[in-house]
Amino acid sequence: MKHLQTKLQFLLQSFVEKGPAGCALAVHREGETIFEDFVGVADLETGKPITADTIYRIYSMTKVVTCTAALLLYERGDFLLNDPLEEYLPEFKNPLVYRKSDTGEIYSSAASRSITVKDLFTMTSGLTYPGEGNETERQVAKTMHLLEQQNQKMTTRQVSQALAAIPLAFDPGTRWHYGLSHDVLGALIEVISGKSFGQFLQEEIFDPLKMEDTFFRIPNAKKERLCSNYKLDEQGNLIKNTQMDANIQTAAQFESGGGGLLSTLHDYSRFAQMLANGGTLDGERIIGRKTIELMATNQLRPENRKDYNWNYLSGYGYGLGVRVMIDPALGGANSSLGEFGWSGLLGTWVTIDPKEKVSAVYMQQMLPNFEGYHQPRLRSVIYGAL
């Protein structure tokens, strides 16, 4: 694996030369660390290096944890994927959908069917992120802004209830649309388990896997380990991005299943290894092998996948909350069929391959995140060495 070391070190160095202040990568196979390296700094002003215990905002890599946690309840028979969501979260009963009349007027009418639990996993619920693209996005933006103002008091369940009052962007199941579905999945976990979302994750995933630095709220004693987060301006200068640290609070009650976790390379690598090893790590079983297979099975159909068209996801389908490789030729990818994972807003990335028992976790903190450049290259080098 010496050639893997050299190639990956060179690649990471090239990333830091053109982008993030620092980055880190760990690759594991069959329980062995086959690569781990830290390049650059966690903070440009102080020159503090990226190290094994640097903490990162993992944003949407939280989603893989949330979906795994929900699947633990699925394995216990607590819900079925095709169950109507309102059986567990009654606020979603009789959903409405925003529609446009022939004259372009926006109105709402009853959805063609209920949202199912599976629609939350697969981002086919009609729930969106805040934005300007359609009326649902605009209303979600207003609602989330109001919630942020009451952030100290707003719970995960209350966020779900507020979102349920907004008409959906489309009839459930008819389209894929990236949005707040996994945040609502966090509320589902709370209602079924009777525990707070964070407590459930702690007891069922973080404690058994010895993930001691993964949490929604960073303890004061660990704040100095948090990696600084940068914006790259048009001249190629890195500027500290303090706006995005609103979620690094110690008192907020909303635990975002879609993007709220902080973690380290070591911790998230343990989680990824567990999934690559069929659900176990160091003798601790977290989830069943067949459930992981279901998670990494493409759930989209030709009629609802046209919006799943991000360039760097070419060749991938979408499973239960994860991208999944279904066409290596289309993606120009040397990875296995069924390789799966996701990434985070600031350029973090995970890939998991149960066939090869390989997992890789990459960490950085920068916008734009260059994910379309970094992540396929990491994949090519890692698989080229197997």
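Along every chain, residues carry numbers that run from 1 in the direction the sequence is written. In keeping with the predicted nature of the model, local features appear solely for residues at pLDDT of at least 70, side-chain atom pairs appear and are counted solely at 80 or more, and the whole-chain, interface and lining totals rest on all residues. Where side-chain values are given, they derive from all heavy atoms of the structure, hydrogens and water being excluded.

1. So, the pairing of strand β2 (residues 32-43)
As a reminder of what qualifies: Only strands that DSSP links by at least two bridges are regarded as paired with each other. Secondary structure elements follow DSSP: runs of H or I of four or more residues count as helices, runs of E of two or more count as strands, with numbering from the N terminus.
Pairing analysis gives 8 bridges linking strand β1 (residues 22-29) to β2, with the strands arranged antiparallel. Across the sheet, residue Val 27 finds its bridge partner in β2, namely Phe 35. In sequence, β1 turns back onto β2 through a hairpin of 2 residues, with Glu 30 there showing a positive phi of about 50°. Sheet topology places β2 next to strand β3 (residues 48-49); 2 bridges connect them, and they run antiparallel. Among the inter-strand pairings, Asp 43 is bridged to a residue of β3, identified as Lys 48. In this structure, the hairpin formed by β2 and β3 is closed by a connection of 4 residues, where Gly 47 is found at a positive phi of approximately 70°.

2. Focus: the side chain of Asp 119
Filter applied, for reference: For this analysis, a polar contact is any N or O atom pair within 3.5 Å, provided that within protein one partner can donate a hydrogen and the other can accept it, and provided that sequence-adjacent residues contribute only side-chain to side-chain pairs. Any two residues whose heavy atoms approach within 4.5 Å at even a single point are treated as in contact.
Note on placement: Asp 119 falls in helix α3 (residues 117-122). Polar side-chain contacts of Asp 119 include one of 2.7 Å to the side chain of Arg 113. Look past the residues within four positions of Asp 119 in its chain and what remains in contact with it is Arg 113, Ser 114, Thr 124, Ser 125, Pro 172, Gly 173 and Ser 181.

3. Here we look at the state of the cysteines
Stated precisely, the cut-off is as follows: In what follows, a disulfide is any cysteine sulfur pair within 2.5 Å. A 1.4 Å probe rolled over the protein chains alone gives each residue an accessible area, and that area as a share of the maximum for its type sets the label: buried under 20%, exposed over 50%, partly exposed in between.
Counted under the stated rule, the structure contains 0 disulfides. There is no disulfide at Cys 227, and the cysteine sulfur nearest it, in Cys 23, is 9.9 Å away. By relative accessible area, Cys 227 is classed as buried at 2%.

4. Quick notes on the sheet that holds strand β17 (residues 366-367)
Read across the open sheet, the 3 strands follow the order β8-β7-β17; overall the sheet is mixed. Every interior strand has two partners, whereas the edge strands, β8 (238-240) and β17, have only one. One ladder, built from 3 bridges, connects strand β7 (residues 230-232) with β8; its direction is antiparallel. Within the sheet, the bridge partner assigned to Lys 231 lies in β8 and is Ile 239.

5. Some details on the nonpolar core
We apply this condition: Within this scheme, the nonpolar core is defined by two criteria: the residues are buried Ala, Val, Leu, Ile, Met, Phe, Trp, Tyr or Cys, and they are joined through side-chain atoms within 4.5 Å.
Membership of the largest hydrophobic core comes to 86 residues, with the highest contact counts inside it found for Phe 121, Ile 205, Tyr 268 and Phe 271. Per-element tally for this core: the top contributor is helix α2 (residues 62-75), with 8 residues. Excluding residues that lie within four positions of it along the chain, Ile 205 makes contacts with Val 65, Thr 68, Ala 69, Leu 72, Phe 200, Met 211, Phe 271 and Ile 286.

6. A closer look at the pattern of salt bridges
Using the following cut-off: Any Lys or Arg side-chain nitrogen found within 4 Å of a carboxyl oxygen on Asp or Glu counts as a salt bridge.
A complete count under the given rule lists 19 salt bridges for this structure. The partner of Asp 171 in a salt bridge is Arg 99, with the nearest N and O atoms 3.0 Å apart. With Asp 171 in the loop between α5 (156-164) and α6 (181-193) and Arg 99 in strand β5 (residues 96-100), this pair connects stretches of sequence that are 72 residues apart. Notably, a salt bridge pairs Arg 270 with Asp 282, separated by 2.8 Å at the nearest N-O pair. Of this pair, Arg 270 sits in helix α8 (residues 265-276) while Asp 282 sits in the loop between β10 (280-281) and β11 (284-285), placing them 12 residues apart in sequence. Judged by relative accessible area, Asp 282 falls into the exposed class, the value being 60%. Taken together, the shared-partner salt bridges in this structure form one network comprising Asp 53, Asp 213, Lys 222 and Arg 225.

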